Amino acid sequence: MNGIEAITLGASAGGVSALLSLFHALPQDFQIPLLCVLHLPDGRHSQLAEVFSRRLGRPVCEAQDKQAVAPGLIYFAGPGYHLSVERDRSFSLSQEERVFFSRPSIDFLFASAADAYGPALLGVLLTGANEDGARGLAQIKHLGGHTIIQDPREAQVATMPKAALALHRPDYILPLSGIGQLLAKLEYSTC
Amino acid sequence: MTIERNTDIEIRLLIEAIYLKYSYDFRDYSGASIKRRVLHAVRQFGCTTISALQERVLHDPGMFMQLLQFLTIPVSEMFRDPEYFLALRQEVVPLLRTWPSLKVWIAGCSTGEEVYSMAILLREEGLLERTIIYATDINPSSLEKAKQGIYSLQNMHTYAENYRKAGGLRDFSEYYTSAYGNAILDSSLRDNVTFADHSLATDSVFSETQLICCRNVLIYFNKTLQDRAFGLFHESLCHRGFLLLGSKETVDFSAYADRFQVLVKPARIYRKS
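Residue indices follow the written sequence of each chain, beginning from 1 at its first position. Naming scheme: in the order in which they are written, chains are lettered from A and ligands are numbered from 1. Only residues with pLDDT of 70 or above have their local features reported here, since the model is predicted, and side-chain atom pairs are shown and tallied only from 80 upward, although totals for entire chains, interfaces and linings are computed over all residues.

## Things to note about the overall build of chain B
The helix and strand inventory of chain B stands at nine helices and 10 strands. When its C-alpha atoms are laid out on the principal axes, chain B stretches across 55 × 50 × 30 Å. As a rule, residues whose C-beta atom has 12 or fewer other C-beta atoms within 10 Å are exposed, those with 20 or more are buried, and those in between are partly exposed; C-beta atoms are placed from the backbone. Counting all 273 residues of chain B, 42% fall into the buried class. By the convention adopted here, residues make contact when the C-beta atoms placed from their backbones lie within 7 Å. Within chain B, residue pairs in contact and separated by at least 24 positions form 77% of the contacts whose partners lie at least 6 positions apart. The numbering of helices and of strands both runs from the N terminus, where a helix is a DSSP run of H or I of at least 4 residues and a strand a run of E of at least 2.

So this is what it looks like as structure tokens:
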């Protein structure tokens with residue numbers, strides 16, 4: 001797996017601890033931008049970026065409309081808006097209908113990032129209690145990108161990984177520790 | 001490396017066809033969202049390809065009006081983001097009082113919830129009688145709903161809660177009458193409202209204004225079109241006029257970043273500098 005320029009990650013139930021443990025496994029100077037959608041209950045102002053930034057001791061931010069995706073950063077989708085990546089690799093927000101009762105939607109981020117990055121994208125789908133993300137992950141694969149699904153036997157809630165496995169065959173099915181090791185070895189390049 | 005796949009080509013052709021035929025300009029809308037909405041419309045209309053949809057849209061204006069309902073996103077509620085309306089009431093209204101008459105432009109008013117919210121707030125602050133509100137949108141169906149001011153009764157509970165959090169001074173139910181599962185808003189709220197078809201993509205400024213409210217519209221534009229819209233707002237606003245954006249929108253990444261000052265950051269209230 002070479003030439004990865006961005007990694008998209010999706011999770012819902014059990015996602016906070018899964019993502020924290022995954023990010024802890026990455027070197028502090030990890031350069032590939034990490035773009036995350038984590039479902040949270042509605043109406044709650046998301047403190048995700050602050051929480052993750054404090055726990056990880058590295059820059060984590062809520063993705064802003066029209067902001068360019070930059071290396072070395074972890075981005076989270078804010079609450080109440082879908083997050084997409086445009087072809088010029090900047091973020092855009094929208095308020096289309098919910099997908100699997102969720103806004104932000106993992107499918108929307110994954111599919112738009114697949115258009116923006118093609119083979120230079122790695123998609124990772126983790127624990128969760130609904131089927132969001134399955135189609136987006138398959139779309140990443142379809143456009144030449146790479147995919148990893150958390151081993152459903154390990155996932156806190158297996159619905160999301162299982163739904164994704166039912167749609168396509170990923171490059172890897174791994175426990176969190178394995179995903180962490182694999183990501184940590186990736187070299188960042190922009191060509 | 002850019003491989004323009006069929007879908008991308010077809011979307012560009014459709015958008016171009018719409019522009020040439022109907023003068024609706026979606027060419028500088030954010031691509032990811034437009035793509036999803038076009039594909040959604042293709043499925044809803046039972047077309048096999050985007051090209052098939054294009055053929056129907058090009059030859060049937062009625063079909064275009066139906067497609068327009070998919071291309072625009074009428075997500076709105078009354079007193080949406082109550083903290084924004086509270087900030088408007090507390091921070092902006094005292095300054096609005098200094099003008100003898102007011103012109104307010106609600107750009108991208110959709111089905112009108114924002115218009116009536118603004119009218120209620122201004123009436124409670126004693127300003128509505130000396131205000132003209134211009135409520136504009138590109139979607140004629142949305143504008144028609146906005147003019148009627150009839151909303152589902154089911155939503156009123158949420159709106160009343162928003163209204164209360166937004167510093168509402170009265171009982172929200174005083175502003176509507178219920179009939180057949182609908183809430184019919186007090187028609188006197190729109191006595192000073194002019195509803196009009198206006199596009200931020202193709203039209204120009206029509207009036208000087210003291211306050212412009214354009215919330216959750218600019219997120220659907222790319223930077224070029226955002227800059228055009230900010231240009232119109234800057235031109236329309238009087239000296240020290242107010243610009244109110246959606247909770248995730250900002251002038252920061254635009255060419256007009258240094259021409260507006262932040263008045264209330266979390267509420268996205270700016271002032272022409």
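Here the narrative resumes, following the displayed structure.
## Topic: the interface of chain B and chain A
By a widespread convention, an interface's size corresponds to the accessible area lost as its parts come together. With 14 residues of chain B at the contact, the number on the chain A side is 16 residues. Counting residues per element, the side of chain B that touches chain A draws most heavily on helix α2 (residues 31-44) of chain B, which supplies four residues. Put simply, Ala, Val, Leu, Ile, Met, Phe, Trp, Tyr, Cys and Pro go in the nonpolar bin, Asp, Glu, Lys and Arg in the charged bin, and everything else, Gly too, in the polar bin. Class assignment of the residues belonging to the side of chain B that touches chain A gives a composition of six nonpolar, four polar and four charged.

## Some words on helix α6 (residues 176-184) of chain A
All names here are of chain A. Every buried residue of α6 is listed here: L176, I179 and L183. In an axial view of α6, the angular spread of the buried residues amounts to 60°, which keeps them on one side of the axis. In α6, those exposed residues whose orientation departs by more than 90 degrees from the buried face are S177 and A184. The inward-facing, buried residues of α6 abut β1 (6-11), α1 (15-24), β7 (121-125), β8 (146-150) and β9 (172-174). The arc in question is formed by the directions pointing from the helix axis toward the C-beta atoms.

## As for the confidence of the model for chain B
For every residue, the predictor reports its confidence as pLDDT, a number between 0 and 100. Taken as a whole, chain B shows an average pLDDT of 95; of its residues, 99% reach a score of 70 or greater. The complex model carries a pTM of 0.93, and its ipTM stands at 0.92.

## Topic: the sheet that holds strand β5 (residues 182-185) of chain B
Strand pairing in a sheet is mediated by backbone hydrogen bonds. Such pairs are either parallel or antiparallel. Residue and element names in this part refer to chain B. At least two DSSP bridges between two strands are needed for those strands to be called paired. Within the open sheet, the three strands sit side by side as β3-β5-β4. Their pairing is antiparallel. Edge positions in the open sheet fall to β3 (150-152) and β4 (176-179), since each of these has one partner strand only. Each strand of the sheet is rotated relative to its neighbour by a mean of 30°, with strand direction disregarded. Here β4 pairs with β5 via four bridges, running antiparallel. Residue pairing in the sheet places T177 in a bridge with I184 of β5. Working convention: axes come from line fits to C-alpha atoms, limited for helices to the stretch in contact. Angles between N-to-C directions cover 0 to 180 degrees.

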